[in-house]
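Here are the chains, one letter per residue:
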Amino acid sequence: MKPHEADFYEKLDRGLLRCHLCPHNCVISPGSRGTCGVRANRDGTLITEIYGQVTAIAMDPVEKKPLYHFHPGGRILSIGTKGCNLKCPYCQNWNISQDTSARTSYHEPGEIVAIALGEGSVGIAYTYSEPVIWHEYVRDTAVLAGEKGLANVLVTNGFINPEPLEKLLECVDAMNIDLKTFRDETYRTVHKARLAPVLETITAAHRRGVHVELTTLIVTGMNDDMAEMRDIIAFIASLDPGIPWHISRYYPNYRYQAPQTDLEFMKLVHEEASGKLRFVYSGNVPSSSGGQDTLCPSCGATAIRRAGYHVRVEGLDGSACAACGFDLGIVR
């Protein structure tokens, strides 16, 4: 396959290149790669080594992304590649996000769109690893998908520069963005990133009218602190209290072996957040723990009932609560 030139870079002296895709703004010497491990300087040209290189492809419940207010109960073709521009030590998909030797198979954008249409999918989700570093392929595929009436979904860490973000927002319908912590120091030392660009991505996507849901994995010894959780709650509430927030339970993985998140702490966070946010969901927990159903914040009626990925829509009238008419912000 012919090498695919990357977008968003500039040529410097002595054969160096500066990548402008994400806020790392990597300066890449000839024969080397950026932090993501998949954007390479080949003879003075920045090449994306993962264009069309798919590590995983599957039909998933939309709720698995997780998106609870976007085509509830639907199924979506989900694809991923290898590499990532963050270095989370507890990554659950580290075998593709942190291992750039992971096996891939090549798929043209049109082929992915055809598969989605054939499967009756609501759209295409770019997920499993970080779609930001797959920018050129994601955008090419998303444009084709949109022309065929398919929705495009990003499941992302949100660490991207404004110009490439804007290009994606032109063709993306929904995003689940990880807000990993509300402490810049933690972003820098643990994830090898920064907080401010992630907050800017969340804000820009929401203001652009893209459907946004947020996820915070509560990691033992990293961000399991109520003061920090209150800061996250305050940020979301200041932007829009109707943005769904998923708090997810961590389990030991990859290079991080602290005990799994305390369920009682998660319940406290859920209770605290529910006082200021309209929709708070608990993930990676037993169904008996609760926190998965969509309840109307106005009258308390159950609009969507969930048990794992088994979804029953029982109280919706369009995007509104069937009982009282309150707009729940559901995209159907």
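So, here's what we can say about the structure. (Residues numbered from 1 in each chain as written. Predicted model: local features only at pLDDT ≥ 70, side-chain atom pairs only at ≥ 80, totals over all residues. Heavy atoms only, no water.)

Ranked by internal contacts, the top residues of the largest apolar core, which has 82 residues, are Leu179 and Trp245. Among the elements that make up this core, the one with the highest residue count is helix H7 (residues 226–239) (seven residues). The residues contacting Leu179, other than those within four sequence positions of it, are Tyr187, Leu195, Val198, Leu199, Ile202, Thr215, Thr216, Ile232 and Phe235. Ranked by size, the runner-up nonpolar core spans 10 residues in total, among them Tyr68, Ala303, Leu316 and Cys321. (Core = buried A, V, L, I, M, F, W, Y, C linked by side-chain atoms within 4.5 Å. Buried < 20%, exposed > 50% of the residue type's maximum accessible area, 1.4 Å probe, protein only. Helix = DSSP H or I, 4+ residues; strand = E, 2+ residues; numbered from the N terminus. Contact = heavy atoms within 4.5 Å.)

As a further point, take the sheet that holds strand E4 (residues 27–28). Spatially, three strands are ordered E2-E3-E4 in an open sheet, and the strand pairing comes out antiparallel. Unpaired on one side and paired on the other, strand E2 (9–11) and E4 mark the two borders of the sheet. (Pairing = 2+ DSSP bridges.)

Attention now goes to the side chain of Asn161. By the element assignment, Asn161 lies in the loop between strand E12 (151–156) and helix H4 (162–169). A distance of 2.8 Å separates a polar side-chain atom of Asn161 from the backbone oxygen of His20. If sequence neighbours within four positions are ignored, Asn161 has contacts with His20, Leu21, Cys22, Pro23 and Asn25. (Polar contact = N/O pair within 3.5 Å; in protein donor to acceptor, adjacent residues only side chain to side chain.)

Next up on the list: the sheet that holds strand E1 (residues 4–5). Strands sit in the order E1-E6-E5 across an open sheet of three strands; the sheet is antiparallel. The open sheet has two free edges, formed respectively by E1 and strand E5 (39–42), since each of these has just one partner strand. Relative to strand E6 (residues 45–48), E1 runs antiparallel, the two sharing two bridges. Considered in E6, the bridge of Glu5 is made with Ile47.

What follows concerns the layout of surface pockets. Reported here for the largest pocket is a volume of approximately 1100 Å³. Lining the largest pocket are 38 residues, and of these Lys64, Lys65, Pro66, Gln92 and Ser248 lie nearest its centre. Sorting the residues of the lining of the largest pocket by element identifies E12, strand E13 (174–178), strand E14 (211–218), strand E15 (245–249) and strand E16 (280–283) as the ones contributing at least two each. (1 Å grid on protein atoms, 1.4 Å probe; cavity = no way out; pocket = protein on both sides within 12 Å on 5 of 7 lines; lining within 4 Å. Points joined across faces, edges and corners; volume = space filled by probe spheres on them.)

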